[in-house]
Amino acid sequence: MRPVLRRFLPFVLLLTATVAGHAQIVFSFNYLDTTSGFNDATLGAERKAALQSAANTLASYFTGYPSRTVTITVNVSENNAGSSTLASAGSSFFVVNNSFQAGLVQQMIQSGTNNGQSSLGSMTWNFGRAWDYDDSVAGGTFDFKTVAIHELLHAVGFSSYISSTGAGGGNGSTYSKFDQFLTDASGNRLVDTGGNYVGGSILSNGTGSDVYFSGANAMAANGGARVHIYSPTTYLDGSSLSHLDTDFFTSSAFIMEHAIATGAGTRTLSAIELGILTDLGYSVSAIPEPATYAALLGLLALGAVTLGLARIALVVAGLVRLAVGVAQPGLPIHNCGDAVRLGPDR
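Residues numbered from 1 in each chain as written. Predicted model: local features only at pLDDT ≥ 70, side-chain atom pairs only at ≥ 80, totals over all residues. Heavy atoms only, no water.

Glancing now at the overall build of the chain. Helices and strands together make up the secondary structure of the chain, namely 5 helices and 18 strands. Looking at the 346 residues of the chain, the share that counts as buried comes to 57%. Intrachain contacts of the chain at a sequence separation of at least 6 include 74% that bridge at least 24 residues. Of the roughly 12500 Å² that the chain leaves accessible, carbon and sulfur atoms contribute 54%. (Helix = DSSP H or I, 4+ residues; strand = E, 2+ residues; numbered from the N terminus. Buried < 20%, exposed > 50% of the residue type's maximum accessible area, 1.4 Å probe, protein only. Contact = heavy atoms within 4.5 Å. Areas by Shrake-Rupley, 256 points an atom, 1.4 Å probe, with all protein chains shown as cover.)

Moving on to the nonpolar core. Proteins that are soluble and globular tend to have nonpolar side chains buried together. Membership of the largest hydrophobic core comes to 71 residues, with the highest contact counts inside it found for Phe27 and Trp125. For this core, the element with the most residues is helix α3 (residues 144–156), which contributes 8 residues. (Core = buried A, V, L, I, M, F, W, Y, C linked by side-chain atoms within 4.5 Å.)

We now examine the packing of aromatic side chains. Counted under the stated rule, the structure contains 19 aromatic pairs. Relative to phenylalanine 38, the ring of tyrosine 31 lies with its centre 5.2 Å away and its plane at 35°, an arrangement referred to as tilted. Accessibility expressed as a relative area gives 9% for tyrosine 31, which makes it buried. Arranged with centres 5.6 Å apart and planes meeting at 75°, the rings of tryptophan 131 and phenylalanine 144 form a pair that is edge-to-face. Here the residue tryptophan 131 occupies a position in strand β7 (residues 131–132), and phenylalanine 144 occupies one in helix α3, the gap between them amounting to 13 residues. Pair check on accessibility: tryptophan 131 and phenylalanine 144 agree, each one buried. Feature note: the residues Phe29, Tyr31, Phe38, Trp125, Phe127, Trp131, Tyr133, Phe142 and Phe144 constitute an aromatic cluster, connected by ring pairs. Between arginine 47 and the ring centre of phenylalanine 127, over which it is positioned, the NZ or CZ distance is 3.8 Å. The lysine or arginine in question, lysine 48, covers the ring of tyrosine 31, its NZ or CZ lying 4.7 Å from the ring centre. (Phe/Tyr/Trp six-rings, centres within 6.5 Å; stacked < 30°, edge-to-face > 60°. Lys NZ or Arg CZ within 6 Å of the ring centre and 35° of its normal.)

Here we take up empty space enclosed by the protein. Under the counting rule described, the total for this entry stands at 2 cavities of 30 Å³ or more. Reported here for the second largest cavity is a volume of approximately 60 Å³. Contributing to the lining of the second largest cavity are Ile202, Leu203, Ser204, Asn205, Gly206, Thr207, Asp210, Ser231, Pro232, Thr233, Tyr235 and Ser240. (1 Å grid on protein atoms, 1.4 Å probe; cavity = no way out; pocket = protein on both sides within 12 Å on 5 of 7 lines; lining within 4 Å. Points joined across faces, edges and corners; volume = space filled by probe spheres on them.)

Below, the discussion takes up the sheet that holds strand β10 (residues 182–183). The 3 strands lie next to each other as β10-β11-β12, forming an open sheet whose pairing is antiparallel. In this open sheet, the two edge strands, each paired with only one partner strand, are β10 and β12 (227–229). Judged from the 3 bridges that link them, strand β11 (residues 211–213) and β12 form a sheet pairing that is antiparallel. Looking at β12, one finds that tyrosine 212 is bridged to histidine 228. (Pairing = 2+ DSSP bridges.)

What follows covers the side chain of threonine 124. Summarising the element assignment, threonine 124 is placed in strand β6 (residues 121–125). In this structure threonine 124 comes out as buried when scored by relative accessible area, which is 9%. A polar contact of 3.0 Å, which involves the side chain of threonine 124, links it to the side chain of asparagine 75. (Polar contact = N/O pair within 3.5 Å; in protein donor to acceptor, adjacent residues only side chain to side chain.)

Before going further, it helps to examine the confidence of the model for the chain. Chain-level pLDDT for the chain is 80 on average; 76% of the residues reach the 70-or-more range. Scored below 50 in pLDDT, residues 1–21 shows 64 contacts in the model against residues more than four places distant or in partner chains. A low-confidence stretch, residues 290–336 stays under pLDDT 50, and its non-local contacts, those more than four residues away or across chains, total 224 contacts. (pLDDT = per-residue confidence, 0-100.)

So, in structure tokens, the structure goes:
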């Protein structure tokens, strides 16, 4: 049982300098770009630094873990100004019939096992749009660090494998740990404890905003109410079920909404988002610990993440599914992902 992810380059060796009390989860990135994107002669280093900064911010929320490194492959970047997708990312996972699977990123953070894989997930960025990589985001540009945190959250498990028909990932009956908590307004699960989709027509009945996250911690953070999950009247591949409901939460106060506008974005996890991570089995703190500092041997190892990969890797623009994982003899692994879309300008 040794699945292999395709198109991954040997990872860049990271030397991590941690200080007592600092975050112990470290994200490192393998870049497939050669002369553009994250290896662009002018902007490559700045992009890598911004990605690592965002990754360190997210890592600082995880508390009580020993030193663990999560390696993610950054695919060859896109440069499509006409695409509505800014970025996508996700974790690899095992395909097991009628089961709820934690992705490999989640397994590494929570239990320290990499399942024999040098890279545990992947992400893709679209540099065809105007980005701002620092902490003073100019109008008319997208907040790179906000998108990076969003995408990494998909990789750590804020992600549904439920398709428009109710089928799961891989063989059709593999669901994510996140899917265990998805219900209707009355608390009826979309996928039963046996790993069978029982949501009926909820994804195709023409009624929007009717799917909820019903984990105890997320609900407690939401005043005891179920948390609205993005479920538009028409299922939107790469966005539906893997984000907080942009149509219900209209304040743009959450990192995990499905779309983002230009200008400075939110970079702080809300109590609801922290509650969801807690329901997924993470130990998190509302006040991030000082970030772990990562130094590279010869290079700065920073990676790219962005708003939205969560089921079998896909680019939202044309709703095209990209097979990031490939089945191997034994138990196959697939990569999941959602993509973040453009929102109205602020």
